[in-house]
Amino acid sequence: MIALLLILVPLLGGLATFFLKKESEVRTWSLFVAVLTFIVAILGVSVLNAPEYLSFKADWMGDLGSTFSIKADAMGMMLCMLTAISFPIIFIGTWKTAYEKPQNFFALMLLAQAGMMGVFLAMDALVFYFFWELALIPMYFLSSQWGGARRIPVMFKFFVYTFIGSLLMLVGLIYIWSKNGGSFDIDAFYNSKLSVKEQMWLFWLLFAAFAVKMPIFPFHTWQPDTYEQAPTAVTAVLSAIMVKMGVLGLLRWLLPVLPVGSYVMGDNPSFLAMIGIVYASIIAFRQDDMKRLVAFSSIAHVGLMCIAAFSESKSGMQGIMIQMFSHGINILGLWVIIEIIERKFGTRKMSELGGVAQKAPALAIAFFVIMFATVSLPITNAFIGEYLMLNGIFNSTVTSYGVIYAVVASTGVILSVVYMFSMARKVFLGNTNELTVKGTDIDFPEKAVLGIILVIILVMGVYPQPFLNMMEGVSDSLLKASDIQHLILKK
Amino acid sequence: MNALLLSAIMGVVMMFTGIWVKRYTVIKRVALAGMALLFVANCIELKGTKWFNFDVSGFMQFNNFSLVFIAIAIFVTILFTLVSGTEIRKVGNYPADYFALIFFIISGVILLASFQNLLILFLAIEIVTIPSFILTGAEKRNLKSNEAALKYLLLGSFSTGVMLLGIALIYGSQGSFDINQMQIGMLEGNKISNLQVAGILTLMFSMAFKSSIAPFHFWTPDIYDGAPTVFASYMATVIKVAVFIGFIRLFENAFGNLSSTWVVWIAVLIVATLLIGNITATFQQSVKRMLAYSSISHAGFMLFAVFAMNESAHEGLIIYAAGYSLATIGIFAIVAKMNDYSYEGFNGLARHQPLIALTATICLLSLAGIPLSVGFLGKFYMLKAAVLTGKYIGLVVFAVIMAAVSAYYYFRVIQAMYFKEGPDNFTGATTVEKYSMVAICALIIILGIMPGVLLVHLYF
């Protein structure tokens, strides 16, 4: 029931938003819906040990072997929680940003939220595919309507990339469906009898969709442009939440469904992700636009998650779980700060800014803490995740290149220090110039939002154990389902 | 059978209405009442009550599949009349005759969906195409319309000749026009004669011509462009889909046993159609021509039904027929009401006509195959049917890549409507037309969520 509410509340709230007229009403209403969703998510986390509240099943297209089946396991609940936290933060963080036709903007935002919740909760391949596409459409309209100057071609590139990826995934899903007795249910997918050869080419069909979404190195070219051109609120959703759709796809719909294919082919994506980490990090410190810098840094972070996923180790899996959440929170913080800076000074170009820390000390403090988290300094949340992932990759038993991946991926962490610190230097430190000299500090709502982010960063960095305990069950079961040793024993 | 006789009668009635009644609204209402009567009669037959009991067993067979399709065709015709009533009057001075021709087309469609004999197939194709020649040239004073009609007539007669040749060859090898006899004659294991192969291929190519499948598609864009837009939309939907129904009926029932000899040709036609239709559509500057090419690319998807020939293909063809017809009727109705058919003509439509832009968007999303629309389910069933055959998975992958290409040109219209600025080129729609458009969108979404409401009639 709670799982259904997680989708329904933003869906109905979003549809209702279309009919509101006044801007203040729209903002208050959408914030109310977002907070309500957050409360539902808290309820969901609190009953995580009682799965009967967290699943919902209804008949739907029975002749296709598809039921509307949604369930919040710990991973799904965690990502729903991330989504539910993100939206109020985004709405408050961009409270003062003016949007033309605000009712359409906020309505589409809430619809996108509903779509993403559906992706995280779907336990039926067809339902998963439906939500996967439905989350995309509002994002496309949002970015194309309210984005920057080059928004139309850029967003279209984004749309075509993801559309091709998801259609290839659809073919893969239909093929698996045809081989497992005509059921789209996730358990049937986990037990499908596919030959090694079939798994090997199906792997690429499914991986195409997830690789575009995450994105993994050669499929990433849509991402910096899209992040730059989309309005920052949308960019925040794209990078904090939508990227996790790709990672969740890997963990839930690729590794356990095609264990042999992933085992045989796993080194290819890992290798691509490894190239992506170094490549994106190097490109990141050539950027002048803050949004593009963060976009490239996101490629590096997600690349590490991809390698960890294919390392199929306990430590790596736990690392991904915590890092999915941490990366979402950290990058969300960065977007809120970038949004505030852009609104205050009218530019995102680092070369035109400087000395912001003198004028806005609270903003600077928030930025520095979030930056430390992004470069995964100890006592921040990302340190836990990245350490666990690197450890898992290093000790991986399914790949013989674990050491190489771990070493190269670690350079990504070092490179992240270079570009993040240079951003801090250019924007916050140094002397003020004529643009920044009249700057003011952030006001209370913004402080509150950033404060929440800082608290999450520090708490999870110092004491991650409850979180890890919560994720342990799902990590184990995913690993077990993806483990081919286990498959051999079963036969 | 109910609807067949009534539609022929209604055609004659409409011709006389044209003599006695001069007011267009009355003519339209008579036509709509006739269509509603056909629809009801057909649904009653679907539920098992036959009004006319003639023994036509050697010539026609009405099963659920054909009756459901006939219901869809008539229903789409009703929506078509509702949504573009104004445009039909604008075409020329003889609206009653146009409706008479449409009723004759419907009777041809009914024959196409239920023939059991190659003679009836030939008659059906002729009954469908000859009125559409006239409708293409209905705009008498427009040279483009005349040219299109002549072109269509010449090419159409040529392909009819090819079809007759195919029928003759098949008759020569089988000694019968009856499809059931052929199935017995073409059992697996029997020696296949060259005559049979030549006959099957000739029939395949002539059917491909009639349903505008590449490389036999060259007439389509010119005819659709030249014909009055209203009638182009009717030809692109009901007529085209009906030819497909005839296509699958012929190849499954008559030549199904020999599918191994010709299915590879179907695969080649699918690849050619998807490739040529989609790639050419991306380069069009006029939305109307783009829709003509997109109708070719949809033919490629519908051809998967002939390729797969299983239960899923039947369901898929029904869903695809409904989805494609609804969306195409909807978008064509909007295009017909535009002053400017180019992409730029659509700039800023969302600001001036939010409702029209929204309906256009839903139709386009359905054509592009986005989930929650019936267009997605149509594609899904087709892909499913093809995957279930277990061969040529590469063909399916190719098809989805082409589906992604198709998103390009559909989204260009959406981009123009929502994200660009321009003058209002929309000439206005009456209230009935607006409600009908909303109804089309509602149907697209309802069928997209619950295809069962339509498919259940295939079995019960």
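All figures in this text were calculated on a predicted structure; none of them were measured in a lab. (Residues numbered from 1 in each chain as written. Chains lettered and ligands numbered in written order. Predicted model: local features only at pLDDT ≥ 70, side-chain atom pairs only at ≥ 80, totals over all residues. Heavy atoms only, no water.)

1. Structural notes on the overall build of chain A
Looking only at helices and strands, chain A features 21 helices and 2 strands. Counting only C-alpha atoms and orienting by the principal axes, one finds that chain A spans roughly 70 × 55 × 45 Å. Expressed as a percentage of the 491 residues in chain A, the buried residues total 65%. Within the structure as shown, chain A displays about 16500 Å² of accessible surface, and the carbon and sulfur contribution to it stands at 67%. Each charge sign in chain A was given a centre, from 32 positive and 29 negative side chains, and these centres are 4 Å apart. (Helix = DSSP H or I, 4+ residues; strand = E, 2+ residues; numbered from the N terminus. Buried < 20%, exposed > 50% of the residue type's maximum accessible area, 1.4 Å probe, protein only. Areas by Shrake-Rupley, 256 points an atom, 1.4 Å probe, with all protein chains shown as cover. Lys, Arg positive; Asp, Glu negative; His and termini not counted. Charge placed at Lys NZ, Arg CZ, Asp CG, Glu CD.)

2. Quick look at the environment of Pro153 of chain A
Locating Pro153 of chain A in the fold gives a position in helix α6 (residues 151–179). By relative accessible area, which is 58% here, Pro153 of chain A ends up exposed.

3. Re the packing of aromatic side chains
Under the counting rule described, the total for this entry stands at 72 aromatic pairs over all chains. Geometrically, the ring pair formed by Phe128 of chain A and Trp132 of chain A is tilted, given 5.4 Å between the ring centres and 45° between the ring planes. Pair noted here: Phe128 of chain A and Trp132 of chain A are both in helix α5 (residues 125–146), with a separation of 4 residues, about one helical turn. Each member of the pair, Phe128 of chain A as well as Trp132 of chain A, is classed as buried. Here the aromatic rings of Phe207 of chain A and Phe310 of chain A are separated by 6.3 Å at their centres, their planes lie at 70°, and the arrangement is edge-to-face. Here Phe310 of chain A lies in helix α13 (residues 290–311) and Phe207 of chain A lies in helix α8 (residues 196–213), a separation of 103 residues in the sequence. Phe207 of chain A sits in the buried class, given a relative accessible area of 1%. Note on Phe310 of chain A: relative accessible area 4%, which makes it buried. Over the face of the ring belonging to Phe115 of chain B we find Arg249 of chain B, whose NZ or CZ atom lies 6.0 Å from the ring centre. Directly above the aromatic system of Phe301 of chain B lies the positively charged group of Lys379 of chain B, at a separation of 5.1 Å from the ring centroid. (Phe/Tyr/Trp six-rings, centres within 6.5 Å; stacked < 30°, edge-to-face > 60°. Lys NZ or Arg CZ within 6 Å of the ring centre and 35° of its normal.)

4. As for the interface of chain B and chain A
Contact with chain B, which involves 35 residues of that partner, is made by 32 residues of chain A. Both faces combined, the contact of chain B with chain A buries some 3000 Å², and carbon together with sulfur accounts for 82% of it. Note that Arg351 of chain B is salt-bridged to Glu100 of chain A, the shortest N-O span being 3.4 Å. Connecting chain B to chain A are 5 residue pairs in polar contact (both at pLDDT 80 or more). When residues of the side of chain B that touches chain A are traced back to their parent elements, those giving at least two are α16 (354–368), α17 (374–389), α18 (393–419) and α19 (431–449) of chain B. (Contact = heavy atoms within 4.5 Å. Buried area = accessible area lost by both parts, 1.4 Å probe. Salt bridge = Lys/Arg side-chain N within 4 Å of Asp/Glu carboxyl O. Polar contact = N/O pair within 3.5 Å; in protein donor to acceptor, adjacent residues only side chain to side chain.)

5. A short note on the side chain of Thr328 of chain B
As for its position among the elements, Thr328 of chain B is in helix α14 (residues 311–336). Non-local contacts of Thr328 of chain B, meaning those with residues more than four positions away in its chain, are made with Thr237 and Leu367 of chain B.

6. Thoughts on unusual backbone geometry
A cis geometry characterises the amide bond from Met214 of chain A onward to Pro215 of chain A, with omega recorded as -10°. Residues Ala214 of chain B and Pro215 of chain B are joined by a peptide bond in cis, for which omega reads 0°. Note on placement: Pro215 of chain B falls in the loop between α9 (194–210) and α10 (219–226). Positive phi is not limited to glycine here, since Lys101 of chain A has a value of about 50°.

7. Some words on helix α14 (residues 314–345) of chain A
Residues and elements named next belong to chain A. Relative to the 46 Å expected for 32 residues at 1.5 Å per residue, α14 spans 46 Å between its end C-alpha atoms, a close match to the ideal helical length. Maximum bend of α14: about 25°, positioned at Gln323. When you tally the buried positions in α14, you get 28 out of 32 residues, the bulk of the element. (Expected span 1.5 Å × (residues − 1). Bend = angle between axes of the 7 residues up to and from the residue.)

Honestly, it's all geometry; don't read function into it.
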